[in-house]
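# Descriptive analysis of the structure
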Amino acid sequence: MAASHAEKTHAAPAAPQGGGPRKGTVAVRVVGRPDSLEQRIYLPEVVKGLGVTAKHFFANLFSRKYTVTVEYPEQKVKYPPRNRGLHRLMHREDGEVRCVACMLCPTVCPAHCITIVPEETGNGNEKRPKVFEIDELRCVVCGLCVEACPCDAIRMDTGEHATAVDFRADAILGKLDLLKRGAASTAVQGGVGGDWRAKADKTRDETP
Amino acid sequence: MVFGMPTPDEIVSGAARELRSRPQFPPGFGEDADDDAPLPTEPMTINMGPSHPAMHGTVRIILTVDGETVKEADVQVGYLHRCFEKEAEYATYTQVFPYTDRLNYVSPLLNNVGFAMAAEKLLGISDKIPERAQYIRVLIGEISRITDHLTCVGASGMEVGAFTPFLWMIKCREWLWELLEELTGARLTHSYVRIGGVAADLTDNFAQRLRDVLAKCREAMVDVEKLIVKNRIFRDRMDGVAVISAEEAVAYGWTGPCLRSTGVPYDVRKDHPYLVYDRFDFDVPVGSTGDNYDRFAVRMEEMRQSMRILEQALDQIPAGPFKLDDPRISLPPKSQVYNTIEGMIGHFKQIVDGVKIPPGEAYSYTEGGNGELGFYLVSDGTGRPYRCHVRAPCFILMQSVPKLIIGAGVADIIPTFGMINMIGGECDR
């Protein structure tokens, strides 16, 4: 198709929207419209087309060169590390929930799918979620909650996607469901200790 | 007036004999074997869509046909309306990004980029975005343009009977989407771009993966062209169908590949360069006739040009930050949020209040998959848009569909509509 193109230049209108220097002309390429006798008499091109499909057929028959099929229930494609799946709540060193009920994730959630009811821990300096529910039916899996969390408590890197449920209520994950998938967080937090700056550089800076 | 056979009820009740008002065949019709005698026909109204496979479930065309010829067409859009613009007024600027994913859902990242650039224009930081972020935006935008065109060309080819190219092109799209999934964390609803940059840096092996995928896509596109470019079935359905002149196309407000098919070389990336598009060497493909075949050929060539841009961008991309280092605009790094009070305060302020944009209004336009994708934002100084309007390219293309299909055959609607590439999410917003 690109075989029969002609180059010409076209004076572009001025006034760039913003950005740096620009070229004065626009390289224009007229797309070709192949029109040949063999195309008109139909059969040669049909044979050529069949040649292409035959190439694919035999290549797939002997080496599976062009096939991309994954035999799904037996083979499963592993999700990439950044994949956003079901949520989980991370643990502190003592196994308690890391979340401090700061309410940033329900604030930032565009789908309003997170419900948090905070409670006192008895510590005086801390609070924690009494109720932490995520409605996975409402969740749009945008990942803004993970980005908003200031203490690495909520993550979406479980590698599981929301499965089918029998009842809508089953899709609402409570605090225990979310903690079950969780693990101890390695994020360095609080700024305590002399070497926190060195340690902090190693923590996750990116939360896609 | 009803023409035709009596209904079964009318036959049973004997009413059929009484229907004198129905048009009758001329006396002696069929006896003199005069095949040139005009058949008494009258226009018939049929509904095409919304539940028609070629209408995407999102458009209804009320056609008045005379035989196979379209006499009138009433295009009705809005079946996918979900109040994007109103919802945006109640969301912070960051929260709008998941909504923009769902505008043109075959090239979501182009919408992400378009919205981010509108907000940045309003903030006056368009020239402060880190270079690496701009290159990443070009990369993801051009990948999205390729997926957009692959879907459009593949699906339209399938609708006129070429099923194999569809499978091959969707295979290519799948490779590109796998790449984007690795980068952004989602296949379709990426929500990857942020005001001031992007959400995360490129993955380590992104450049090599992308080069591999592009090589495979090029190979597949050659095979696709061998199958359909000279295939007479395909060409007969596309050539000379739905021709529009350059003047008319401009008058209708056409942009993008459809406008370029008429020979007008308007491309926002060339004529009003944004991001770093002025650093790349690429051509603007234009057609010569303005028919469906030209729209197909322009899209095929644009994919090749996008691949050229991608390779140049991979060569040129500099190291550096991937988002603006300003706690008022982009979130501070997590290590600062976890450990410093300044980072924590900046983080909370931005999440709770949103990115505060000074009062004003701005219209920013980028080259989307279907044409000029514009975002018009009005800010009242808070963290939420006062008004957000989308100039959706295919909404403007849709207004000319009646002009294109009136006078054509019913079967010509399918390739015409396919080559307009109307995307419900963007058109109806």
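Residues numbered from 1 in each chain as written. Chains lettered and ligands numbered in written order. Predicted model: local features only at pLDDT ≥ 70, side-chain atom pairs only at ≥ 80, totals over all residues. Heavy atoms only, no water.

### Digging into the overall build of chain B
When you go through chain B residue by residue, the secondary structure sums to 18 helices and nine strands. Each principal axis of the C-alpha atoms in chain B carries an extent, and together these give about 95 × 45 × 40 Å. Scored against the burial criterion, the 429 residues of chain B give a buried share of 60%. Taking the contacts inside chain B whose residues are at least 6 apart along the sequence as the reference set, 68% of them involve residues at least 24 apart. Total accessible area on chain B stands at roughly 16,200 Å², and carbon and sulfur atoms take up 56% of it. Positive and negative side-chain charges of chain B, numbering 44 and 59 respectively, have mean locations separated by a distance of 6 Å. (Helix = DSSP H or I, 4+ residues; strand = E, 2+ residues; numbered from the N terminus. Buried < 20%, exposed > 50% of the residue type's maximum accessible area, 1.4 Å probe, protein only. Contact = heavy atoms within 4.5 Å. Areas by Shrake-Rupley, 256 points an atom, 1.4 Å probe, with all protein chains shown as cover. Lys, Arg positive; Asp, Glu negative; His and termini not counted. Charge placed at Lys NZ, Arg CZ, Asp CG, Glu CD.)

### Side note on the interface of chain A and chain B
Residue-level contacts link 72 residues of chain A with 79 residues of chain B. Summed over both partners, the interface of chain A with chain B buries about 6,200 Å², with 54% contributed by carbon and sulfur atoms. For the interface between chain A and chain B, the tally reads five salt bridges. Remark: the boundary between chain A and chain B carries 22 residue pairs in polar contact (both at pLDDT 80 or more). Residue contributions to the side of chain A that touches chain B peak at six residues, all from helix α2 (residues 43-63) of chain A. (Buried area = accessible area lost by both parts, 1.4 Å probe. Salt bridge = Lys/Arg side-chain N within 4 Å of Asp/Glu carboxyl O. Polar contact = N/O pair within 3.5 Å; in protein donor to acceptor, adjacent residues only side chain to side chain.)

### Overview of the pattern of salt bridges
Once their charged atoms are close, side chains differing in charge can pair, the charge on each being opposite to the other. All names here are of chain B. With the rule as written, the count across this model stands at 38 salt bridges over all chains. Of the charged contacts in the structure, one is a salt bridge between Arg-232 and Asp-236, with a shortest N-O distance of 3.5 Å. Of this pair, Arg-232 and Asp-236 both sit in helix α8 (residues 232-238), four residues apart, which is roughly one turn of the helix. Judged by relative accessible area, Asp-236 falls into the partly exposed class, the value being 49%.

### Thoughts on the confidence of the model for chain A
All names here are of chain A. On average, residues of chain A carry a pLDDT of 77, and 77% of them reach 70 or more. Within chain A, strand β1 (residues 7-11) has the poorest average pLDDT of any element, 41, and helix α3 (residues 104-108) the best, 91. The low-confidence segment residues 1-24, where pLDDT is below 50, has 60 contacts with residues more than four positions distant or belonging to other chains. (pLDDT = per-residue confidence, 0-100.)

### A few points about the packing of α2 of chain A against helix α7 (residues 206-228) of chain B
In contact at an axis separation of 8 Å, α2 of chain A and α7 of chain B are set at 145° when each is read in the N-to-C sense. Note that α2 of chain A runs across α7 of chain B; the crossing there is left-handed. Within the contact between the two elements, α2 of chain A uses Gly-49, Val-52, Thr-53, Lys-55 and His-56 of chain A and α7 of chain B uses Asp-223, Lys-226 and Leu-227 of chain B. Tallied by class, residues from the contact of α2 of chain A with α7 of chain B come to two nonpolar, three polar and three charged. (Axes fitted to C-alpha atoms, helices over the stretch in contact; angles between N-to-C directions. Left-handed = near helix turned anticlockwise from the far one by under 90°. Nonpolar A, V, L, I, M, F, W, Y, C, P; charged D, E, K, R; others polar.)

### A look at the nonpolar core
Tyr-192, Leu-210 and Phe-296 of chain B are the most contacted members of the largest nonpolar core, which has 124 residues in total. Sorting elements by how many residues they give to this core places helix α12 (residues 292-316) of chain B first, with eleven residues. The residues touching Phe-296 of chain B, leaving out its near neighbours within four places in the chain, are Val-153, Ile-228, Val-229, Phe-234, Met-238 and Met-419 of chain B. Core analysis: the next-biggest nonpolar cluster, separate from the first, contains 24 residues, Val-97, Ile-134, Ile-154 and Leu-173 of chain A among them. (Core = buried A, V, L, I, M, F, W, Y, C linked by side-chain atoms within 4.5 Å.)

### A closer look at the sheet that holds strand β2 (residues 60-66) of chain B
Strand pairing in a sheet relies on backbone hydrogen bonds. The paired strands run either parallel or antiparallel. Residue and element names in this part refer to chain B. As summarised here, the arrangement of the three strands in space is β1-β2-β3, forming an open sheet in which the pairing is antiparallel. Looking along the sheet, the strands with just one partner apiece sit at the ends: β1 (44-48) and β3 (69-76). Direction aside, neighbouring strands of the sheet carry axes that sit 20° apart on average. Of the strand pairs in this sheet, β2 and β3 are connected by seven bridges, and their pairing is antiparallel. Bridge assignment links Leu-63 to a residue of β3, and that residue is Ala-73. (Pairing = 2+ DSSP bridges.)

### Re unusual backbone geometry
Positive phi outside glycine occurs at Met-103 of chain A, with the angle close to 70°. Mapped onto the elements, Met-103 of chain A comes out in the loop between β3 (88-89) and α3. One non-glycine residue, Leu-275 of chain B, adopts positive backbone phi at about 45°. Its location among the elements puts Leu-275 of chain B in the loop between α11 (268-271) and β6 (284-286). By relative accessible area, Leu-275 of chain B is classed as buried at 13%.

### A look at the pairing of strand β8 (residues 372-379) of chain B
As a general feature of sheets, a regular strand has side chains that alternate between the two faces. Residue and element names in this part refer to chain B. Counting buried positions along β8 gives seven out of eight residues, so the element sits mostly inside the fold. Pairing of strand β7 (residues 360-367) with β8 involves eight bridges; the strand directions are antiparallel. Its bridge partner being in β8, Thr-366 is matched across the sheet by Leu-373. Taken together, β7 and the strand that follows it, β8, pair antiparallel across an intervening segment of four residues, in which Gly-371 is found at a positive phi of about 145°. When β8 meets strand β9 (residues 385-391), the two strands line up antiparallel, connected through six bridges. Counted as the bridge partner of Ser-379 is Pro-385 from β9. The hairpin turn running from β8 into β9, its antiparallel successor, is five residues long, and Gly-381 in that turn takes a positive phi close to 95°.

### Topic: the packing of helix α5 (residues 131-159) of chain B against helix α6 (residues 163-184) of chain B
When two helices pack together, their arrangement is given by the angle between the helix axes and the distance between those axes. Residue and element names in this part refer to chain B. Running from amino to carboxyl end, α5 crosses α6 at an angle of 155°, the nearest separation of the two axes being 8 Å. Classified by the interaxial angle, the pair formed by α5 and α6 is roughly antiparallel. Of the two elements, α5 crosses α6, and the hand of that crossing is left-handed. On the side of α5, the interface is formed by Ile-140, Ile-143, Ser-144, Ile-146, Thr-147, Leu-150, Thr-151, Val-153, Gly-154, Ala-155 and Met-158, while α6 contributes Phe-163, Phe-166, Met-169, Cys-172, Arg-173, Leu-176, Trp-177, Leu-179, Leu-180 and Leu-183. For the contact of α5 with α6, the class distribution of residues is 16 nonpolar, four polar and one charged. (Parallel < 35°, antiparallel > 145°, perpendicular 65-115°, else oblique.)

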